[in-house]
Amino acid sequence: MKKHEIIQIDELMLQTGLTWTSLWARMKAGTFPVPIYHETNQICWIRTEINNWEEFIEEPSDSGKYYVVWVGRNPGIYDNWSMVKKQVFGEIRPEFKRFDSIEEAEQAYLDGYIKYRKF
């Protein structure tokens, strides 16, 4: 039997940008890959299934949304989630947040992430 690389919930949410509630709703609707139970009794997904799902989904428009990446591969301000994922996915403790206007995003970038962090 072939061993598949698995992905756990925290990494899945970071990679897809979806909350647990959104993931659950998509699974219930049959529009998201079904999880498996890993030998450690954790819910996991097969990485190739998630990657394939991401290639074929139509991402919603990010019109009017701006993302600040404070800690990631290339810190800055982005206007689409796809680019943000490339900056933060796989990074240790990335810091990023979405804003509704470019002005808010620019100010947040200057202020630093501590002011916007939820503890």
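Throughout what follows, the structure given in this document is the object of discussion. (Residues numbered from 1 in each chain as written. Predicted model: local features only at pLDDT ≥ 70, side-chain atom pairs only at ≥ 80, totals over all residues. Heavy atoms only, no water.)

This next bit is on the nonpolar core. By size, the foremost hydrophobic cluster in this structure holds nine residues: I7, L12, L18, L23, M27, F32, W45, I50 and W53. For this core, the elements supplying multiple residues, two or more each, are α2 (20-29) and α3 (47-56). If we skip the residues at most four places from it in the chain, L12 touches I7, G17, L23, F32, W45 and I50. Within the second largest apolar cluster, six residues are counted, among which are Y78, W81, V84 and V88. (Core = buried A, V, L, I, M, F, W, Y, C linked by side-chain atoms within 4.5 Å. Buried < 20%, exposed > 50% of the residue type's maximum accessible area, 1.4 Å probe, protein only. Helix = DSSP H or I, 4+ residues; strand = E, 2+ residues; numbered from the N terminus. Contact = heavy atoms within 4.5 Å.)

The next thing to look at is the side chain of Q15. With respect to the helices, strands and loops of the structure, Q15 is situated in helix α1 (residues 9-16). Judged by relative accessible area, Q15 falls into the buried class, the value being 5%. Setting aside anything within four residues of it in sequence, one finds Q15 in contact with I7, R47, I50, N51, E54, W81, K85 and F89.

Next up on the list: the packing of α1 against helix α4 (residues 81-88). At a closest axis distance of 8 Å, the pairing of α1 and α4 adopts a crossing angle of 135°. Looking at the two axes, α1 sits oblique to α4. From α1, L14, Q15 and T16 reach across to α4, where they touch W81, K85 and V88. Split by residue class, the contact of α1 with α4 holds three nonpolar, two polar and one charged. (Axes fitted to C-alpha atoms, helices over the stretch in contact; angles between N-to-C directions. Parallel < 35°, antiparallel > 145°, perpendicular 65-115°, else oblique. Nonpolar A, V, L, I, M, F, W, Y, C, P; charged D, E, K, R; others polar.)

With that settled, the discussion passes to unusual backbone geometry. You will see that R93, though not glycine, has its phi angle at about 55°, which is positive. Here R93 shows up in the loop between α4 and β6 (95-99). Residue class for R93 comes out exposed when judged on its relative accessible area of 62%.

Strand order in the open sheet formed by three strands is β5-β4-β6, with antiparallel pairing between adjacent strands. At either end of the open sheet lies a strand with only one pairing partner, and these are β5 (76-78) and β6. Pairwise comparison of adjacent strand axes, ignoring direction, gives a mean angle of 20° for this sheet. Pairing of strand β4 (residues 66-71) with β6, which is carried by five bridges, proceeds in the antiparallel orientation. (Pairing = 2+ DSSP bridges.)

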